[in-house]
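# Results of the structural survey
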Amino acid sequence: MAALVLVNGKIVTVDEQFSIRQAVAIEGERITAVGEDAAVLARAAPDARVVDLGGRTVIPGLIDNHNHFVRATEHAEVRLDGVRTRAAALDLLARRAAGLGDGQWLLTLGGWHEEQWAGDRRELTLAELDAVAPGRPAFIQAQYDHASVNTAWLDAMNVPAPDGLRATGRVGGGLVALNRAAAGFPAGGTREAGVRAAMAYCNSLGLTTVFDPGGVGVSDAAYAAVQSMAGRGELTLRVLTTLGAEVDEPAGRFAEKVRASNPFQGDHWYDRIAVGEIYHAPFHWDHGGRPPAPAASDIAAATEILTTAAITGWPVQTHSVTTGGLALVLDAYGQADKLRPIRPLRWSVTHAEGITPEQIECARRLGVTVQLRSQSVIRDSRATVAPLKLLQDSGLTWGLGTDGTRAAQINPFISLWWAVTGRSLGGTQILDEPLTREEALIAHTRSNAQLVFRENYLGSIRPGLLADLLVLDRDYLTVPDDEIKDIRPSATIAGGTVVYGSL
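An account of the accompanying structure is given in this report. What you are looking at is a predicted structure, and each value in this text was computed from that prediction instead of being measured. (Residues numbered from 1 in each chain as written. Predicted model: local features only at pLDDT ≥ 70, side-chain atom pairs only at ≥ 80, totals over all residues. Heavy atoms only, no water.)

## Structural notes on the packing of helix H8 (residues 191-205) against helix H9 (residues 220-231)
Running from amino to carboxyl end, H8 crosses H9 at an angle of 75°, the nearest separation of the two axes being 10 Å. In terms of their interaxial angle, H8 and H9 are classed as roughly perpendicular. When H8 is examined against H9, the residues Arg-191, Glu-192, Val-195, Arg-196 and Met-199 are found in contact with a partner set consisting of Ala-221, Ala-222, Ala-225, Val-226 and Met-229. Partitioning the contact of H8 with H9 into residue classes produces seven nonpolar, no polar and three charged. (Axes fitted to C-alpha atoms, helices over the stretch in contact; angles between N-to-C directions. Helix = DSSP H or I, 4+ residues; strand = E, 2+ residues; numbered from the N terminus. Parallel < 35°, antiparallel > 145°, perpendicular 65-115°, else oblique. Contact = heavy atoms within 4.5 Å. Nonpolar A, V, L, I, M, F, W, Y, C, P; charged D, E, K, R; others polar.)

Right, here's the structure in full:
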């Protein structure tokens, strides 16, 4: 009998029929009934808690298929996801700085860019950060593009005077350099505290599951902390991870790691489910208009790794952005498929902005899935625009993710708004063919559940599935388009437990 029953609601099940119901019943971690009020109430235990939703909308818990969550646990951050003006950003930074303890730094490690602001888009200045965090090191990073710092940070990092950086307060260098810099910053607390803070933020946005695709420079200890907390039943966010390689890791050594490991050894809260997103960077790591240019030895190295993964039964996820890069990856996938069919393993390409109709057809033949990202929502540019409608109409299995936490923002409702309106936060139309609200929601729930091998457990509100769902503060299906990005859960439920807000 159900211990928790939600009635008088608009239950958007996101099942195959996209059914709308009134009520849902939960017993332990599972959904036991979905339907009309009277029928569901009949399944309630005598002492069940019955919550009148008052017509509020309920949707499945949202799944991000590409979220570098574990990286975000390593430092205490101020997130600027979705902040719309320069003044609002400075105000938020000042308020958060005032609440920091002794020795803590004011850090924002990506997830935003000045182009998301309306009006004044000037970069933050050294003087402004001196004012919002007097005497406290401040490092405010915009994507992997640059960071603005203050005098206290320059002093803490022993930057000599005179130095050009002391005049500008602007740090550049790109992904590797900025990650290397952040690796030396203080954590701001214990590893467990970092995990709890990052989970709480994700839960507040409506995320109940993330697929963390590894991350260059992220410590094994950070992953071990999440796994340890999962073993103690302390996670409020389901974290699925990968077996990934460092940028300069020898291919033979990584292939041996693949041979010595097995996927799917965890549970529904923490599990390692694929190889990737990086396994031999010179072969497949590209960005923007820069396709990879692997040597013959690099192609051979990647082939060794992929062959090993196929033979040993590992799913694979490959970072690939450009049309040329995708051609290399899909050809290598085809070679591995000759040794063992990869369709049951659901090998994927992630990002895939450059994918063509011909490559989609190749992916369909092989059973390859696609993980798209909403990264372009924070930039007024078509440089990294995912072909949403092309994939939606293709019949290929695909889902929607973000590529946060540093390269992109992670609010799923901003991603849904972007997919439905086609606009960037800065106001530029960057998608010519957006999706319907239903299509976008499926891509962030049911489709993503399939991409992470959890379609029999997550992604819909159906009897027997895990009870991950959101009670929303407004109706996703009917609010004006521009309000979609502002939707928040009034309650986030994961595994039958309220992990954010209240009922």
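Alright, that's what it looks like, and here's the rest.
## Side note on the packing of aromatic side chains
Applying the stated rule across the entire model yields seven aromatic pairs. Relative to Phe-185, the ring of Trp-153 has its centre 6.3 Å away and its plane inclined at 90°; by these criteria the two rings are edge-to-face. With Trp-153 in helix H5 (residues 151-156) and Phe-185 in the loop between helix H7 (174-182) and H8, the pair connects residues that are 32 residues apart, well separated along the chain. Each member of the pair, Trp-153 as well as Phe-185, is classed as buried. Each ring, one from Phe-264 and one from Phe-453, has its centre 5.1 Å from the other, and the planes form 70°; the classification is edge-to-face. Taken as a pair, Phe-264 in the loop between helix H10 (251-259) and strand E15 (270-275) and Phe-453 in the loop between helix H18 (446-451) and strand E20 (469-472) lie far apart in primary sequence, 189 residues in all. (Phe/Tyr/Trp six-rings, centres within 6.5 Å; stacked < 30°, edge-to-face > 60°. Buried < 20%, exposed > 50% of the residue type's maximum accessible area, 1.4 Å probe, protein only.)

## What about the sheet that holds strand E10 (residues 138-142)?
Pairing between the strands of a sheet is mediated by backbone hydrogen bonds and can be parallel or antiparallel. In spatial order, the strands read E9-E10-E11-E12; together these four strands make up an open sheet with mixed pairing. Lying at the two open borders of the sheet, with one neighbouring strand each, are strand E9 (106-109) and strand E12 (170-171). Summarising the sheet, strand E11 (residues 146-149) and E12 pair through two bridges and their orientation is antiparallel. Paired with Ala-147 across the two strands is Val-171, which belongs to E12. (Pairing = 2+ DSSP bridges.)

## Let's talk about helix H13 (residues 323-339)
Under the 1.5 Å per step criterion, the end-to-end length of H13 is 25 Å for 17 residues, consistent within 8% with the ideal 24 Å. Among all positions of H13, only Gly-325, Leu-326, Val-329, Leu-330, Ala-332, Tyr-333, Gly-334 and Ala-336 are buried. Buried residues in H13 make contact with helix H11 (281-284), helix H12 (296-312), strand E16 (317-320), strand E17 (348-351) and helix H14 (357-366). (Expected span 1.5 Å × (residues − 1).)

## As for unusual backbone geometry
Residue Glu-277 is reached from Gly-276 by a cis peptide bond, and omega for that bond is -10°. Positionally, Glu-277 belongs in the loop between E15 and H11. Following Gly-404, the chain continues into Thr-405 via a peptide bond in cis, with omega recorded as 25°. Take Thr-405: it is sitting in the loop between strand E19 (398-401) and helix H16 (412-421). At Asn-158, a position not held by glycine, the phi torsion is positive, near 60°.

## Concerning the sheet that holds E15
Overall, parallel pairing links the four strands, which are arranged E8-E13-E14-E15 in an open sheet. The strands lining the two open edges of the sheet, one partner per strand, are strand E8 (62-64) and E15. Across the sheet, the axes of successive neighbouring strands diverge by a mean angle of 20°, strand direction being ignored. As judged from the three bridges shared by E8 and strand E13 (residues 207-211), these two strands associate in the parallel manner. Looking across to E13, one finds that Asp-64 is bridged to Val-210. The strands touched by H9 are strand E14 (238-243) and E15; relative to E15, the strand with the most contacts, the crossing angle is about 135°.

## Notes on the environment of Tyr-476
Within the fold, Tyr-476 resides in the loop between E20 and strand E21 (489-494). With residues near it in sequence (within four places) discarded, Tyr-476 still touches Leu-416, Val-420, Arg-437, Ala-440, Leu-441, Ile-484 and Ile-487. A polar side-chain atom of Tyr-476 sits 2.7 Å from the main-chain carbonyl oxygen of Arg-437. (Polar contact = N/O pair within 3.5 Å; in protein donor to acceptor, adjacent residues only side chain to side chain.)

Everything listed here is a matter of coordinates, which is why it stays silent on function.
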